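Architecture and fold: a report
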Amino acid sequence: MNRTKIKKHLDEIFSHYIRLKHADEFGKARCWTCDKTAPYHKLYCGHFASRKYLPTRWDERNCRPQCYACNMLRGGEQWNFGKRLNKRSAGIAERVFAEATGGRKWTTTELCNMVSHYREALVREIRRTQRQRAGVTETTIKVAHRHRGLAIFNQNKDREQEVI
Ligand SMILES: [Zn+2]
């Protein structure tokens, strides 16, 4: 599989993971920058340091759910985004931004490992919210399933089939 395709897989899995990770047990999440709540699947995976910076594009510290208005119409609300990150963890916005622009390159193996890592993390979040009969969508479950076909996931195939 080529790098472009791997990155596409990674974007998809990561986006579902981030939004579900920040959702409550009923699948509801809050926009990081305006506090509006919505089902996680109606929100976007917002980036503090733009997703154009590959070093932090799939970094959990850099990403939170955002509503359409904040993410798309208001350009991601970067200032407010960073301010709120720093409120939770002083100096994190500066550290993340320094890494974002630091020029780190991902090897193909590292990208594959991230796909594997975030896919497992997504499966854990699906389990957590499904326990409450929450609003996990078919799309999210399909995303978790679809990527199981990759060779690197085969070891967990049977176990995960039972769970989701
Ligand atoms: Zn918002």
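Let's shift gears to the overall build of the protein. In terms of helices and strands, the protein carries seven helices and four strands. Taken from N to C terminus, the helices and strands of the protein fall in the order α-β-β-β-β-α-α-α-α-α-α. Classification of the 164 residues of the protein by burial places 34% in the buried group. Considering only residue pairs separated by 6 or more positions, the protein has 70% of its internal contacts joining residues 24 or more positions apart.

A few words now on the nonpolar core. Core analysis: the biggest nonpolar cluster contains 32 residues, and Leu 10, Ile 13, Phe 14, Tyr 17, Tyr 118 and Leu 122 have the highest contact counts within it. If you list the elements that add at least two residues to this core, you get helix H1 (3-21), helix H3 (78-88), helix H4 (92-100) and helix H5 (108-130). Among residues more than four places away in sequence, those in contact with Tyr 17 are Tyr 118, Ala 121, Leu 122 and Glu 125.

Before going further, it helps to spend a moment on the packing of H1 against H5. Between H1 and H5, the least distance of the axes is 9 Å, while the angle of their chain directions is 30 degrees. By the criterion of interaxial angle, the relationship of H1 to H5 is roughly parallel. In the crossing of H1 with H5, the sense of the turn from one axis to the other is left-handed. Of the residues in H5, those touching H1 at Arg 3, Ile 6, Lys 7, His 9, Leu 10, Ile 13, Phe 14, His 16, Tyr 17, Leu 20 and Lys 21 are Thr 108, Leu 111, Cys 112, Met 114, Val 115, Tyr 118, Arg 119, Ala 121, Leu 122, Glu 125, Ile 126 and Thr 129.

With that settled, consider the pairing of strand S4 (residues 63-66). Burial along S4 is two-sided: the residues Cys 63 and Pro 65 and Arg 64 and Gln 66 are all buried. One ladder, built from four bridges, connects strand S3 (residues 44-47) with S4; its direction is antiparallel. Its bridge partner being in S4, His 47 is matched across the sheet by Cys 63.

Here we take up the environment of Ala 93. The residue Ala 93 is located in helix H4 in this model. Look at Ala 93 and you get buried, because 22 C-beta atoms sit within 10 Å. Distance from Ala 93 to Phe 48, taken between C-alpha atoms, is 7.8 Å for residues 45 residues apart in sequence. The residues touching Ala 93, leaving out its near neighbours within four places in the chain, are Phe 48, Gly 82, Leu 85 and Asn 86.

Detailed reading of the predicted coordinates is not advisable wherever pLDDT is low. Considering every residue of the protein, the mean pLDDT works out to 88; 87% of them sit at 70 or more. For the stretch residues 149-164, pLDDT sits under 50, and the model shows 15 contacts to residues farther than four places along the chain or on other chains.

Turning our attention to unusual backbone geometry. The backbone of Asp 35 sits at a positive phi, close to 70 degrees, despite the residue not being glycine. A positive phi angle, close to 50 degrees, is found at Glu 77, a residue other than glycine. Following the sequence through the fold, Glu 77 ends up in the loop between helix H2 (68-73) and H3.

Topologically, Thr 109 is positioned in helix H5. Separated by 106 residues in sequence, Thr 109 and Arg 3 have C-alpha atoms that sit 9.8 Å apart.

What counts and how
- Residues numbered from 1 in each chain as written.
- Predicted model: local features only at pLDDT ≥ 70, side-chain atom pairs only at ≥ 80, totals over all residues.
- Helix = DSSP H or I, 4+ residues; strand = E, 2+ residues; numbered from the N terminus.
- Buried ≥ 20, exposed ≤ 12 C-beta atoms within 10 Å, placed from the backbone.
- Contact = placed C-beta atoms within 7 Å.
- Core = buried A, V, L, I, M, F, W, Y, C linked by C-beta atoms within 7 Å.
- Axes fitted to C-alpha atoms, helices over the stretch in contact; angles between N-to-C directions.
- Parallel < 35°, antiparallel > 145°, perpendicular 65-115°, else oblique.
- Left-handed = near helix turned anticlockwise from the far one by under 90°.
- Pairing = 2+ DSSP bridges.
- pLDDT = per-residue confidence, 0-100.

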